[in-house]
Amino acid sequence: MDLELRKPKLADKTAILEMLADFKASGGRHDGFFGGEDFIYEDWLETIQLAEAGIGLPQGFVPYIQLVAFATDGQAVGFLNLRLRLNDHLLQEGGHIGYSIRPAARGKGLAKEQLRQGLQVAKSKNIKRALVTCDCDNAASRGVILANGGALEDIRCGKERYWIDID
């Protein structure tokens, strides 16, 4: 399945809210998405626009780009968050990229393509090596990272840490 990874727009509100409802209904984690319990879509769009410039970031956050993956039919199928630099916490556990695919769309190879496209965005931001992590018990994510050239450095705090050279 083809997908487009891009910054969300106001017109994407319904599709993204449907995806968030899918995550909530399944109890699944939505890594690669930053939004609180009092989520208001329009406020979120403003927050993520400022975050890329490093404005208004919560304590401990670094500038980031929030991306959403869309299927050809317009359905929102995944989140990807690209951190533009690493702090100590991200170096240990979070990495440059966090991502997830909505539960109803898993098992179709979308995460592999989503990460591939996310790495291209990282390259455009002059990131030459990206750190991508996954939980030790997440075989699906491990496969996605390996398929995109991930090389295991080590395991810390229950997280496998992979570096991907972007060229």
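About the criteria used
- Residues numbered from 1 in each chain as written.
- Predicted model: local features only at pLDDT ≥ 70, side-chain atom pairs only at ≥ 80, totals over all residues.
- Heavy atoms only, no water.
- Helix = DSSP H or I, 4+ residues; strand = E, 2+ residues; numbered from the N terminus.
- Contact = heavy atoms within 4.5 Å.
- Phe/Tyr/Trp six-rings, centres within 6.5 Å; stacked < 30°, edge-to-face > 60°.
- Buried < 20%, exposed > 50% of the residue type's maximum accessible area, 1.4 Å probe, protein only.
- Lys NZ or Arg CZ within 6 Å of the ring centre and 35° of its normal.
- Core = buried A, V, L, I, M, F, W, Y, C linked by side-chain atoms within 4.5 Å.
- Axes fitted to C-alpha atoms, helices over the stretch in contact; angles between N-to-C directions.
- Parallel < 35°, antiparallel > 145°, perpendicular 65-115°, else oblique.
- Left-handed = near helix turned anticlockwise from the far one by under 90°.
- Nonpolar A, V, L, I, M, F, W, Y, C, P; charged D, E, K, R; others polar.
- Arc of directions from axis to C-beta.
- Salt bridge = Lys/Arg side-chain N within 4 Å of Asp/Glu carboxyl O.
- Pairing = 2+ DSSP bridges.

(A) Looking closely at the environment of Pro103. Checked against the element boundaries, Pro103 lands in the loop between strand E4 (97-101) and helix H4 (110-124). Residues Pro103 and Leu5, 98 residues apart in the sequence, show an inter-C-alpha distance of 17 Å. If sequence neighbours within four positions are ignored, Pro103 has contacts with Asp22, Phe23 and Ser26.

(B) Representation of the packing of aromatic side chains in the model. Summed over all chains, the structure comprises 8 aromatic pairs. Between Phe39 and Tyr41, the ring centres sit 6.4 Å apart and the planes meet at 80°, which makes this aromatic pair edge-to-face. A relative accessible area of 2% means that Tyr41 is categorised as buried. One aromatic cluster is present, formed by Phe23, Phe33, Phe39, Tyr41, Trp44 and Phe79 through successive ring pairs. Its guanidinium or amino end placed over the ring of Phe70, Arg6 lies 4.1 Å from that ring's centre, counting from NZ or CZ.

(C) Layout of the nonpolar core. Membership of the largest hydrophobic core comes to 27 residues, with the highest contact counts inside it found for Ile97, Tyr99, Leu115 and Ile145. It is H4 that provides the largest number of residues to this core, a total of 5 residues. Setting aside chain neighbours within four positions, we find Ile145 in contact with Tyr99, Leu115, Val132, Thr133, Cys134, Gly150, Tyr162 and Ile164. Core analysis: the second largest hydrophobic core is formed by 16 residues, Phe23, Phe33, Tyr41 and Leu45 among them.

(D) Layout of the packing of H4 against helix H5 (residues 139-147). Packing of H4 against H5 brings their axes to within 9 Å, and their N-to-C directions diverge by 45°. Considered as vectors, H4 and H5 are oriented oblique to each other. As H4 runs across H5, the sense of the crossing is right-handed. The segment H4 lies against H5, with Ala111, Lys112 and Leu115 engaging Val144, Ile145 and Ala147. Classifying every residue of the contact of H4 with H5 gives 5 nonpolar, no polar and 1 charged.

(E) Quick look at H5. All of the buried residues in H5 are Ser141, Val144 and Ile145. Seen from one end, H5 has its buried residues packed into an arc of 95°, which puts them on one side. Opposite its buried face, H5 presents the exposed residues Ala139 and Ala140, each directed more than 90 degrees away. In the core, the buried residues of H5 are packed alongside E4, H4, strand E5 (129-135) and strand E7 (159-165).

(F) Spatial organisation of the pattern of salt bridges. Summed over the entire model, instances satisfying the criterion amount to 14 salt bridges. Here Arg142 ties to Glu160 by a salt bridge, and the two come within 2.9 Å at their closest N and O atoms. Of this pair, Arg142 sits in helix H5 while Glu160 sits in strand E7; the two residues are 18 residues apart in sequence, bridging distant segments of the chain. The structure contains a network of salt bridges with shared partners spanning Glu153, Asp154, Arg156 and Arg161.

(G) Main features of the pairing of E7. For E7, the buried fraction is high: 6 of the 7 residues fall into the buried class. Two strands pair when backbone bridges link them, and E5 and E7 are joined in this way by 7 bridges, in the antiparallel orientation. Looking at E7, one finds that Val132 is bridged to Tyr162. Across 5 bridges, the pairing between strand E6 (residues 151-156) and E7 is antiparallel. Paired with Ile155 across the two strands is Glu160, which belongs to E7. The hairpin turn running from E6 into E7, its antiparallel successor, is 2 residues long, and Cys157 in that turn takes a positive phi close to 55°.

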